[in-house]
Structure formats: structure tokens, C-alpha cells
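# Inside the fold
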Amino acid sequence: MAADKLRQEIVRVLQGMGVDDAGTIGLDRPRNPEHGDFASNVAMTLSKRLGRPPRQIAEEIVQRIDRGAAGVSDAEVAGPGFINFRLVQDYLHQGLAEILGRDAGYGRSEAGQGQPVNIEFVSANPTGPLHIGHGRQAALGDAVAELMAWSGWKVHREFYYNDAGEQIMRLARSVWARYQQELGNDVPFPEDGYHGDYVREIAREIVAEHGDRFRGDEGDEAVDAMRQFAVARLRAEQNRDLDDFRVRFDEFFLESSLYTSGQVEETIRRLRETGLTYEHEGALWLRTTEFGDDKDRVMVKGTGHPTYFLPDVAYHLSKWERGYHRAINVQGADHHGTVARVRAGVQALGLPAGYPEYVLHQMVLVMRGGQEVKFSKRAGGYVTLRDLFEEAGVDVTRYFFLMRRPESQLTFDLDLALEQSDRNPVYKVQYAHARMSSIFRRAGVTAAEIRAGDADLALLASPAESELVKLLLRFPEEVASSAEGHAPHGICAYLEEVAGAVNSWYHAGNLDPQLRVVGVPEELSRARLVLSRAVQIVLRNGLTTLGISAPERMDREESDT
RNA sequence: GCGCCAGUAGCUCAGCUGGAUAGAGCAACGGCCUUCUAAGCCGUAGGUCAUAGGUUCGAGUCCUAUCUGGCGCGCCA
């Protein structure tokens, strides 16, 4: 990559000036194009150390630099001591050829070296349909996973759920009550029960399957049958929702397995061995404050039952021991309270500080006509993920969930989501992609037939074209930084920038036919087709990292008016 | 009371982990369709980066305090 070559040359120059350990050389892309393609601030950061004014140091670097070795055509001192570099034009042409050559692989890197990373997300308990918060998490987790995969990590998508706890019992009691009511048995509905209509649906299905076998039966066996039926039924529904939302998992990890396999007991034993546990008022505590938690935590209650903390620790220990020395948990910000204690728990067992990593996302509001949408018919208290993507479409829903940084509250504007216009950023990006296909159809070529080697890329000489190529060449860095920062919204912003730039370039041809791709002299047309194809590859690859389709053609739905 | 997250244009949000004159989309205003699909483009206007200090060559970005909003602080799950 161009930056690496340049950085190496700067290091060489600095060594010649007696600086052997300059650290990482600051090299960034100025927003102002007049400041060149890259700018370095080394002269300023070294000023104090060398006891010389920054501009003087910058001058010396500029004089010593070997432009050919650095891959730049120009280097100059500017402002308080920046050095601005301009890349050789040839670099852009090689870059274009590389994009077409790598095609679906353009933007991938080997940074992760194939090491395993565990990405846990959604992790909904099977007590009801998935809601929009799960949806944001599904979109986020899947995109982070895909971006990590693009960065060379071996990604394992994991869904953790509690199939045996107190919430499940609440569900079972709720279903039991509805079942009795279906049979005309007037029993009270549990105070803390699940009120959604889906509970009645499940009760009816049990009636259909088992008849009145459990009528009036308050025994464990009856409630357990309800529990098993309801869990299986809701797990199947959640899987269907995720499937239709195009999110797949490699593993569903059951909390109950931590008990049946003895891992919970094993975790207690190992924690005791550390000497960091103590008994107080009949409970077993762990000194999590040793690792930065603000208070110690109970592991085993006075009743002899473990708290939730314990299986959490056992679970994350299991991730580590299954070989995932990197783990990312995507969770709602309302769970942030567990972060410090889980980390403290696994640190007590010798795992590194900062394991696992967290992406904590804020809540989602759905707005329609300026009003918050609060209820779905079936779920009762909340809007379901399915309601949302069936109305807005999977692509739009995923994109909207991803386009804001996780830490900011998300307002899902349903009116905007349904709009098929440039106001809707998903369509803007997808349409730019489809538009390239349209050009190819018009030119009578297929995408695969376009080859950089067949064209004279020096014909792409306008500033708009150079800037567009530079933008496309940024894509691999965008993928890398979005992956490392666990921040898919960066890709959204980037894609919108590319779409804007290519629309602008394309529309110049409206006013001036000589600027078109098709209908200009053949040599020129071939060069512009290469650029068009490169744009299309970047848009498609970017959408792919987000789990969003890149259509070849978009037909607008006719409106009623 | 303590902790986490946020506060940037009228609205929704970016801001590359400290760089040069703070950006984009929408909304507003003015232009552009016998079109390589106008689902678009060009131009204009819009800012005390919540507030007050501090750190340094340089702060929207880092530190401290304050204000506002959201969330979390159990031997709940």
C-alpha cells in the first residue's frame, strides 16, 4: 500500500538524521485536497526532541527524501510544519487494476492471520419473539463478524441462551395458565407472566396436540411439558426470524449445558483455589474488587443456588478454553453493569484484563409520522423485529440499524425507510451500484469482460476521476478500521460518500456528453468502464460486509398517484 | 448517591483514536430532464462543537468540574 512505502522512506530519512526510534510516523489523509494525498506531522512531533523548529526539520526531510522510493511525485512543507505528499499518478492506475483483479476479494486483508474470534450476539432467551433491540444487535453482530472475517479472522458466531432459568419458568406458568383458560378452566394469570398473544397461540397449539390431557394438572410434569413445548416453539420462531433477517449462527450455546457438563462446579472449584473467595452471611463471594469492580459479588446464594454471575464466568471461561482468545460480546447497553464483574471473574482465573471485548448498543425507537410506534399486536409490549423487516424490507432494516454508531440511540424513521428516493441512504448506495450495471448493459458488455489491461487508464485525467479513484483506494483501510473499531457505521458513511461521488461524476455526463462512459471514443469509453467497474466492486463489497444486497437493477414501485 | 453512554448546522448524524479553514444527508432558497434511469446533479445559506477551566506547537477529540438526556447500580434474571 502507498502509505507503507512512504512511511518506510520517511523512517530511512529520519535514521539518516540521527533519529532511530521515531515510533509510528503520523501519516494521514488531509481533508483538504490542496494538502496533497498524505500529510505527515513528524517534524512537529520531533521538534522538541531535536531542539529545532518544526519547519526547519520538515525542510530537511523534504530535501533528503527519495521520491521514487517513496512513490510520491511531490513533497512540500506547509503550515506549521506539515509535510504534504502527492502520489504519483501511476499509483492510481495500479490501484484500479488491483481492484478489478481482486474483485470480490478487494478490501480483504490478512491482519487477523486466521486466528479464531468468538462473536456473541442476540443471545435472546426463548420467552418471546425477537424485538427491535435484538434486531439492532443481530445486524450489528453479523456485520462486525463479517468485517472481522474480511480482516482475516476466523469468525465464530455464537448465540447464548438460558433454557432453564426463572424467566423460562415464568413463561411455562404463563402458557400453563393460558392452556387452562383455553379449556374453560378459569385460573388466574400469573402476576409476572408474559402477556403477549403469542402465549395464547402456544397454548392453543398444545391443546391441538395434547387435548385436555393437562387440564387442571398443576403438577411439575404438566408445567414441564408446557415449558418444553413453549421453548421449542419459540426457539423455532426466533430461528425463523433470524433466518429471514439473513443472520446465521455457528453455534447455539445453552446455559443449561454449563450445569450438566459440570463446568459451573468446576468454575467454583477453580475460583476457590485462587483464594479470592470468602463466605459471608451464608453466601459465597468473589473479591471482584481486586480487578476493578466497584463491589464484591455473590457467586452462590445462601440458598445454595448460584447467581447469574457464576454461569457468566463459566461461560466466558469456556470461550477461552475452546480456543477463542479473542471474544466480542454485542449486547444492549442496559447490560453494561455486568461488564466489570464478568471481566473480574475471568481475570481471577488468569485470563487477561479486557477479556471479553464489548460492543454495547443503545436502544431503538421506531417512529412513524412523528410518533413513536410502541406495540405489536402479537407481542403485546413491544415491536417485533419481524414486523419491522416485513414492512421496511431486510436490506433497509439492516442498513438503518447499522448506520449509526452503536453508542448512540437509534431513531428508526419508518417513513424514511419506506421511501424510495435519494433521501433514503440505502437506495442511494444500492442505486449507484445498479447504475453501473445499467451502464454496462448500455455499453453492451458484461462486468466480467471489463479488464484494466485493455484500457489506457491515463485517459482518466479529470480531477473528479482522480478523486474518485483515490476514494475507492481507501476501501481496504475503511474495512480494517471498522473491523478493529467494531463500527460498521463507518462503512455506511463511506459507501454514501462513494455513491455521492460517483453520482456526481455520472451526472456530469448529462450536461456534457463528452463526459459520458458510453458514446465517447472507444479508448476513453474503455477506461471509464474500468472506473465504473471498480466503483461497482467497492460498492458491492462494502454492502456485502454489512449483509446487504447489491442489486444489478432496481425497479421503482409505481406509486398510486 | 455511585457508574456507563450521549450532548456538533433547523432536523438526523459523521468527524479517520491530537492536526491545517469542523463535514454529509435531509429541510430552506436558486438552477438543471427530447437523460449512459432526475431514485439524480450543480449552486447558496446555515456553527460560541452543552458550559467553565486545564494539558501543548495545536483540542470537537485528552484531563477536571458543572448542566441536560438515556441506561445501570440486589443473595433479581
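Everything here concerns the structure above.
Keep in mind it's a predicted model, so treat the numbers as computed, not measured. (Residues numbered from 1 in each chain as written. Chains lettered and ligands numbered in written order. Predicted model: local features only at pLDDT ≥ 70, side-chain atom pairs only at ≥ 80, totals over all residues. Heavy atoms only, no water.)

## Digging into the overall build of chain A
- The helix and strand inventory of chain A stands at 21 helices and 15 strands.
- A principal-axis box enclosing the C-alpha atoms of chain A has dimensions of 85 × 70 × 40 Å.
- Buried residues in chain A amount to 50% of all 561 residues.
- In chain A, the proportion of contacts linking residues at least 24 apart, taken out of those at least 6 apart, comes to 72%.
- Just so you have it, chain A exposes about 26,000 Å², and 48% of that area is on carbon and sulfur atoms. (Helix = DSSP H or I, 4+ residues; strand = E, 2+ residues; numbered from the N terminus. Buried < 20%, exposed > 50% of the residue type's maximum accessible area, 1.4 Å probe, protein only. Contact = heavy atoms within 4.5 Å. Areas by Shrake-Rupley, 256 points an atom, 1.4 Å probe, with all protein chains shown as cover.)

## Some words on the environment of Val518
- Among the structural elements, Val518 can be located in the loop between helix 20 (489–511) and helix 21 (522–545).
- According to the relative accessible area criterion, Val518 is partly exposed, its value standing at 30%.
- For Val518 and Arg528, which are ten residues apart along the polypeptide, the C-alpha to C-alpha distance reads 8.6 Å.
- When near neighbours in sequence (up to four residues on either side) are disregarded, Val518 contacts Ile439, Arg442, Ala443 and Ser525.

## Topic: the pairing of strand 5 (residues 116–120)
- A large share of strand 5 lies buried, amounting to four of its five residues.
- Sheet topology places strand 5 next to strand 6 (residues 154–161); five bridges connect them, and they run parallel. Of the residues in strand 6, the one forming a bridge with Glu120 is Glu158.
- Between the parallel pair strand 5 and strand 6, the chain is carried across by helix 6 (residues 132–150), and the sense of this crossover is right-handed. (Pairing = 2+ DSSP bridges. Right-handed = clockwise from strand over helix to strand, strands pointing away.)

## As for the sheet that holds strand 13 (residues 364–368)
- The sheet built from three strands is open, its strands ordered 14-13-15 with mixed pairing. The open sheet is flanked by strand 14 (371–373) and strand 15 (410–413), the only strands paired with a single partner. Strand-to-strand, the axes of this sheet are offset by a mean angle of 45°, without reference to chain direction.
- Each of strand 13 and strand 15 is contacted by helix 15 (residues 394–402), which is oriented at about 155° to strand 15, the strand it contacts most. (Axes fitted to C-alpha atoms, helices over the stretch in contact; angles between N-to-C directions.)

## With respect to the side chain of Arg474
- Residue position: Arg474 is located in the loop between helix 18 (463–473) and helix 19 (475–484).
- In terms of polar contacts, Arg474 uses its side chain to reach the side chain of Glu497, at 3.4 Å. (Polar contact = N/O pair within 3.5 Å; in protein donor to acceptor, adjacent residues only side chain to side chain.)

## Describing the environment of Ile450
- Take Ile450: it is sitting in the loop between helix 17 (425–443) and helix 18.
- Residue Ile450 is classed as buried on the basis of its relative accessible area, which comes to 10%.
- Separated by 83 residues in the primary sequence, Ile450 and Arg533 place their C-alpha atoms 7.3 Å from one another.
- If sequence neighbours within four positions are ignored, Ile450 has contacts with Leu100, Phe440, Val445, Leu529, Val530 and Arg533.

## What about helix 8 (residues 197–210)?
- The end-to-end C-alpha separation of helix 8 is 20 Å, in line with the 20 Å expected for 14 residues at 1.5 Å each.
- Those residues of helix 8 that sit buried are Tyr198, Val199, Ile202, Ala203 and Ile206. The arc that holds the buried residues of helix 8, viewed along the axis, is 145°, so those residues lie on one side.
- In this fold, the buried residues of helix 8 make contact with helix 7 (166–182) and helix 9 (220–244).
- Positive backbone phi, approximately 60°, marks Gly211, located one or two places after helix 8. (Expected span 1.5 Å × (residues − 1). Arc of directions from axis to C-beta.)

## Observations regarding the packing of aromatic side chains
- This structure, assessed with the given rule, holds 18 aromatic pairs.
- Look at Phe475 and Tyr494: their rings are 5.9 Å apart centre to centre, the planes differ by 25°, and that puts the pair in the stacked class. One end of the pair, Phe475, is in helix 19; the other, Tyr494, is in helix 20, and 19 residues separate them in sequence. The residues Phe475 and Tyr494 share a single accessibility class, namely buried.
- Here the aromatic cluster, defined as three or more aromatic residues joined through ring pairs, consists of Phe121, Phe159, Tyr161, Phe249 and Phe252.
- The ring of Tyr161 carries the charged tip of Arg235 above its face, separated from the ring centre by 4.7 Å. (Phe/Tyr/Trp six-rings, centres within 6.5 Å; stacked < 30°, edge-to-face > 60°. Lys NZ or Arg CZ within 6 Å of the ring centre and 35° of its normal.)

## So, the pattern of salt bridges
- Counted according to the given criterion, the structure contains 46 salt bridges.
- For Arg533, the salt bridge identified is with Asp103, shortest N-O distance 3.5 Å. One end of the pair, Arg533, is in helix 21; the other, Asp103, is in the loop between helix 5 (89–102) and strand 5, and 430 residues separate them in sequence.
- Each of Glu201, Glu205, Arg233, Glu237 and Arg378 takes part in a single network of salt bridges with overlapping partners. (Salt bridge = Lys/Arg side-chain N within 4 Å of Asp/Glu carboxyl O.)

## Comments concerning helix 21
- The terminal C-alpha atoms of helix 21, which comprises 24 residues, lie 35 Å apart, in line with the 34 Å expected from a rise of 1.5 Å per residue.
- Most of helix 21 sits inside the fold, with 19 of its 24 residues counted as buried.
- Positive backbone phi, at 75°, marks Gly547, one or two positions downstream of helix 21.

## Some points on the packing of helix 20 against helix 21
- At their nearest, the axes of helix 20 and helix 21 sit 10 Å apart, and the two run at 155° to each other. Of the possible angle classes, the one that applies to helix 20 and helix 21 is roughly antiparallel. The hand of the helix 20/helix 21 crossing is left-handed. Here Ile491, Tyr494, Leu495, Val498, Ala499, Val502 and Trp505 of helix 20 lie close against helix 21, whose contacting residues are Arg528, Leu531, Ser532, Val535, Val538, Leu539, Gly542, Leu543 and Thr545.
- Residue composition of the contact of helix 20 with helix 21, by class: twelve nonpolar, three polar and one charged. (Parallel < 35°, antiparallel > 145°, perpendicular 65-115°, else oblique. Left-handed = near helix turned anticlockwise from the far one by under 90°. Nonpolar A, V, L, I, M, F, W, Y, C, P; charged D, E, K, R; others polar.)

## Quick look at the sheet that holds strand 7 (residues 251–254)
- Spatially, 7-6-5-11-12 is the arrangement adopted by the five strands of the open sheet, whose pairing is parallel. What marks the edges here is a single partner per strand, and that holds for strand 7 and strand 12 (357–361). On average, each strand axis in the sheet is tilted by 25° relative to the strand beside it, whichever way the strands run.
- Relative to strand 12, strand 11 (residues 327–332) runs parallel, the two sharing five bridges. Of the residues in strand 12, the one forming a bridge with Val330 is Val359.
- Seen against the sheet, helix 13 (residues 337–348) touches strand 11 and strand 12 and runs at an angle of roughly 170° to strand 12.

## Things to note about the pairing of strand 11
- A large share of strand 11 lies buried, amounting to six of its six residues.
- Residue alternation in strand 11 divides its side chains into two sets, Ala327, Asn329 and Gln331 and Ile328, Val330 and Gly332, and both sets are buried.
- Relative to strand 11, strand 5 runs parallel, the two sharing three bridges. If you follow Glu120 over to strand 11, its bridge partner there is Asn329.
- In this fold, the crossover linking strand 11 to strand 12 by way of helix 13 has right-handed handedness.

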